[in-house]
Amino acid sequence: LDKSGYDDEALEFGVFKRLYGDGSFEGADYFGALSWRFTEKTGLTGEQLLAVVRSEPDVDLFYMNPFPHNEAIHQSLCLQGETAHPGFLEVCTAFFEAAGLESADMYRLQPSSEFSVCNYFVARPAFWKAYIPFVERCLEKADAGMPPELCKRMHSAEGDWKGIHKGATYVPFIIERLLPVFLRSPEGRALRVYKVPLPAKEAKLNDDLRELREMKDVAILARSARILDLWREKREAYCHIYFSKTWCERNFKMLNDAPVVW
């Protein structure tokens, strides 16, 4: 797909909208549009992905997470977003409120099965016909209802403070974190979903990260505050070893003080 001449701050979602609008979905059993960096980020070839799709014929949406270490470290995708894009929570809170979404969902404990970034989707038309209008409505309501200063900030390059996303705004990073919200919505709840395993990425996780991820998933499944506290203690010890002092000083108060929504 030639993207030259198209400049949409929503990035991948802009591609989805374009293809949805020009009828590219018509007649397809499944549809997806993947970055040219797909294999680099996921460790899967295109043929391997197609093999997964063929092996699960009853699934409406295939998605994946090329960064499984985040599943171990973070309570939710939105809290992870703040560590990667400072100011994200303030902008995202205003976005959720204006879009009519539950701001509590930003802090909802998310199991590893719900983590998905990069918008690597292969899905039936039923998903696209619900997901694209859902995101479009959220964007339209946010633009119309957010406080002007926060709306201006959302559309600024502050979202890419390190300059590694070619000056991206906060918009695509908010959209990336809407999938779990959509899948809990009336439009998304009936869809059958499958998170595609990424063996090459899983192989890079050390034992501590695997244990952290398992602890968090068990805490959520059991709704156990005690296990969650143990996860937080182990997470802090892990991050002080593997993360920089600057990262810990910038993020740990925010991560530890965040409200917990089961």
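In what follows, the structure referred to is the one given above.
Residues numbered from 1 in each chain as written. Predicted model: local features only at pLDDT ≥ 70, side-chain atom pairs only at ≥ 80, totals over all residues. Heavy atoms only, no water.

Thoughts on the side chain of Asn-65
As a reminder of what qualifies: Under the DSSP-based scheme used, a helix requires at least four consecutive residues in state H or I and a strand at least two consecutive residues in state E, with every element numbered from the N terminus. A contact between two residues is defined here by any heavy atoms of the two lying within 4.5 Å.
With respect to the helices and strands, Asn-65 occurs in the loop between strand E2 (61-63) and helix H4 (69-73). With residues near it in sequence (within four places) discarded, Asn-65 still touches Glu-71, Phe-115, Ser-116, Val-117, Lys-195 and Leu-198.

A few points about the packing of aromatic side chains
Basically, it comes down to this: Put simply, two rings from Phe, Tyr or Trp (the six-membered ring, in Trp's case) pair if the centres are within 6.5 Å, and we call them stacked under 30 degrees between planes, edge-to-face over 60, tilted for the rest. Here's how the labels work: a residue is buried when its accessible area is under 20% of the maximum for its type, exposed when over 50%, partly exposed in between, all with a 1.4 Å probe on protein chains only. Definition used: whenever NZ (Lys) or CZ (Arg) falls within 6 Å of the ring centre and also within 35 degrees of the ring normal, the charge is taken to sit over that ring.
By the definition in use, this model includes 23 aromatic pairs. With a centroid separation of 5.7 Å and 90° between ring planes, the pair formed by Phe-121 and Tyr-131 is classed as edge-to-face. Linking Phe-121 in the loop between helix H6 (88-99) and strand E3 (122-123) with Tyr-131 in helix H7 (residues 125-145), this pair joins segments that are 10 residues apart in sequence. Judged by relative accessible area, which is 0%, Tyr-131 ranks as buried. Linked through ring pairs, Phe-13, Phe-16, Tyr-20, Phe-25, Phe-31, Phe-121, Phe-127, Trp-128, Tyr-131, Phe-134 and Phe-182 together constitute an aromatic cluster. We note Arg-18 situated over the ring of Tyr-6; from NZ or CZ to the ring centre the distance is 3.6 Å.

A look at the packing of helix H5 (residues 77-84) against helix H14 (residues 245-257)
What counts, and what does not: For every element, the axis is a line fit to its C-alpha atoms; helices are fit only across the contacting stretch, and the angle between N-to-C directions ranges from 0 to 180 degrees. Orientation is classified from the angle alone, with under 35 degrees giving roughly parallel, over 145 giving roughly antiparallel, 65 to 115 giving roughly perpendicular, and any other angle giving oblique. By convention the crossing between two helices is left-handed if the near helix lies anticlockwise of the far one by an angle smaller than a right angle, and right-handed if it lies clockwise. Note that Gly is not counted as nonpolar here; it falls among the polar residues with everything else outside the nonpolar set of Ala, Val, Leu, Ile, Met, Phe, Trp, Tyr, Cys and Pro and the charged set of Asp, Glu, Lys and Arg.
At a minimum axis separation of 10 Å, H5 and H14 run at an interaxial angle of 150°. Comparing their axes, H14 and H5 come out roughly antiparallel. Every pair of crossing elements has a handedness; the one defined by H5 and H14 is right-handed. Note on element contacts: H14 touches H5 through Trp-247, Arg-250, Asn-251, Met-254 and Leu-255, opposite Leu-79, Glu-82 and Thr-83. Classifying every residue of the contact of H5 with H14 by side-chain character gives four nonpolar, two polar and two charged.

Notes on the pattern of salt bridges
Our working definition: In the sections that follow, a salt bridge refers to a side-chain nitrogen of Lys or Arg positioned within 4 Å of a carboxyl oxygen of Asp or Glu.
Counting across every chain of the model gives 19 salt bridges. Across the pair Arg-153 and Glu-158 runs a salt bridge, and its minimum N-O distance is 3.0 Å. We classify Glu-158 as partly exposed; its relative accessible area is 41%. Where Arg-177 meets Glu-176, a salt bridge forms, and the shortest distance between an N and an O atom there is 3.5 Å. Each of the two residues, Arg-177 as well as Glu-176, counts as buried. Within this structure, Glu-71, Lys-195, Glu-202, Arg-210 and Arg-213 form a network of salt bridges that share partners.

Remarks on the environment of Arg-124
The residue Arg-124 is located in the loop between E3 and H7 in this model. What makes Arg-124 partly exposed here is its relative accessible area of 22%. Measuring from C-alpha to C-alpha, the distance between Arg-124 and Val-59 comes to 8.1 Å, with 65 residues separating the pair along the chain. In this structure, Arg-124 is in contact with Asp-29, Tyr-30, Pro-57, Asp-58, Val-59, Asp-60 and Arg-192, ignoring residues within four places of it in sequence.

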